[in-house]
Amino acid sequence: MIDGADALQHVDRLQTEAIAAIESARTSAELERARVTFLGRKSRLTDILRSVPTLAVDQRAAVGQRANDAKRVVEARLAERQRTLAAIPVRPTMDLTLPGSAIPIGRLHPITQTIETIRSLFVTMGFEIADGPEVEFEYYNFDALNIPREHPSRESFDTFFVEGPSPEPKKGRLVLRSHTSPVQIRVMEQRQPPLAVIVPGKVYRPDPLDPSHSFMFHQVEGLFVDGRTSFADLKGVLDHFLKALFGEQTRTRFRPHFFPFTEPSAEVDIACAACEGAGCSTCGRKGWLEIMGCGMVHPNVFKAVGYDPKRVQGFAFGMGVERIAMLQHGIVDIRLFFENDLRFLAQF
Ligand code: PHE
């Protein structure tokens, strides 16, 4: 038979243990375990309550009351601890000591980078940036540039024609511009000299893809017009530009050429850096690399935009961006620029 005094002490101890377990529980699961241990059907407190009828008659009331008190105290503490735990936000477990995962950082396409370089060199010399549409009227792409309809040179600017009727038949059919020169006309139609502009942009020619041809590529056009500019100014500007781009030691050569919209016209070569002019595979044994076309603006071009050729003079030039980027980086296949292969693009 259980002794009543022992039972009372036992209840005190159980209450103390239960409160300690409840206060140290850090999750609802730990708290539930404490509840089962101290108040569950198989707990010692429940045992004691069940044993009350077996106690001596004069001890039953005291033990029964004490055990019920303990039960209420423990239940109250449980409820309180449950509220406290519920108020703590659940956080995903993460290990702040682990190294972070790197976010790959993008960069400008190599062609964009070369355009930026060219652009900033000309901006430093006082040129402004202009642009025009890639879908262009024949008038701007050819006629106004002194390339008349039946002129054989028109074929050398092989062109994509846009199907369907022209929105402005007087300006001819729509084409994908085959060079950036039409923007010369658009700028001069809008403005009066003096002017100095460069025009970076895309151009299109129906060439089959090969290591040096693409049906879309980029050009930078230049146009300078004032009352007294000369071929010497043209040479000075382009010589300075090419030395700034390819290095101070770069030698340049102006070779007579023909363009319908300039007279005189020239192609500009730089001495091949790979062989220093001796002739190698990079320059096709010529020792020189063709880099751009240029010339003094043809009087017929000035007439087309309503300028008086007796009062204004100008020079123009145009260069292929891909070709320049290929020389800068030693790239031998133009198609690499347009394949979106990150193994290539991430190198620049
Ligand atoms: N538009 C010419 C071409 O695409 C380049 C050029 C521009 C030549 C301006 C002279 C003056 O080949």
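Note that the structure is predicted; figures quoted are calculated from it, not measured.

### Looking at helix 5 (residues 110-124)
- Over its 15 residues, helix 5 runs 21 Å from end to end, which matches the ideal 21 Å to within 8%, given 1.5 Å per residue.
- Restricting attention to buried positions, one finds in helix 5 the residues Pro110, Ile111, Thr114, Ile115, Ile118 and Phe122. Buried residues along helix 5 cover an arc of 145° about the axis, so they all sit on one side.
- The secondary structure elements touched by the buried residues of helix 5 are strand 5 (195-204), strand 6 (216-226), helix 9 (231-246), strand 10 (313-320), helix 11 (321-329) and helix 12 (342-345).
- Positive backbone phi, approximately 100°, marks Gly126, located one or two places after helix 5.

### Some words on the site of the ligand
- Lining the immediate environment of the ligand, one finds 15 residues, of which His179, Ser181, Arg205, Gln219 and Glu221 sit closest.
- Contact distances for the ligand include 3.0 Å between an oxygen atom and a side-chain N or O atom of Gln219.
- For the ligand, whose accessible area on its own is 330 Å², the fraction buried by protein is 92%.
- Looking at the shell around the ligand, the elements that each hand over two or more residues are strand 6, strand 9 (288-297) and strand 10.
- Top contributing element to the shell around the ligand by residue count: strand 10, with 3 residues.

### Description of unusual backbone geometry
- Cis peptide bonds are those with omega within 30 degrees of zero, and the linkage from Pro193 to Pro194 qualifies with 5°.
- Relative to the helices and strands, Pro194 resides in the loop between helix 8 (182-190) and strand 5.
- In this chain, Glu263 is followed by Pro264 through a cis amide linkage whose omega measures -5°.
- For Arg285, which is not a glycine, the phi torsion comes out positive at approximately 65°.

Each value, and the rule that gives it
- Sequence positions are assigned chain by chain, starting from 1 and proceeding in written order.
- Where local features are concerned, this predicted model is filtered to residues with pLDDT of at least 70; where side-chain atom pairs are given and counted, the filter is 80 or more; whole-chain, interface and lining totals use all residues.
- Hydrogens and waters are ignored; side-chain quantities use all the structure's heavy atoms.
- In DSSP terms, a helix is any run of H or I states spanning at least four residues, a strand is any run of E spanning at least two, and both are numbered starting from the N terminus.
- How far a helix is expected to stretch is found by multiplying one less than its residue total by 1.5 Å.
- Each residue is placed in one exposure class: buried if its accessible area under a 1.4 Å probe, protein chains only, is under 20% of its type's maximum, exposed if it is over 50%, and partly exposed if it falls in between.
- Working note: the arc is built from the helix axis to C-beta atom directions.
- Here, residues are in contact when the closest pair of their heavy atoms is within 4.5 Å.
- Put simply, a residue is near a molecule or strand once any heavy atom of it comes within 4 Å of that molecule or strand.
- Within 3.5 Å is the distance limit for a polar contact, defined as a pair of N or O atoms, with the added protein rule that one can donate a hydrogen and the other accept it, and that residues adjacent in sequence qualify only through two side-chain atoms.
- Accessible surface is estimated by sampling points in the Shrake-Rupley manner with a 1.4 Å probe; for residues, cover comes only from the protein chains shown.

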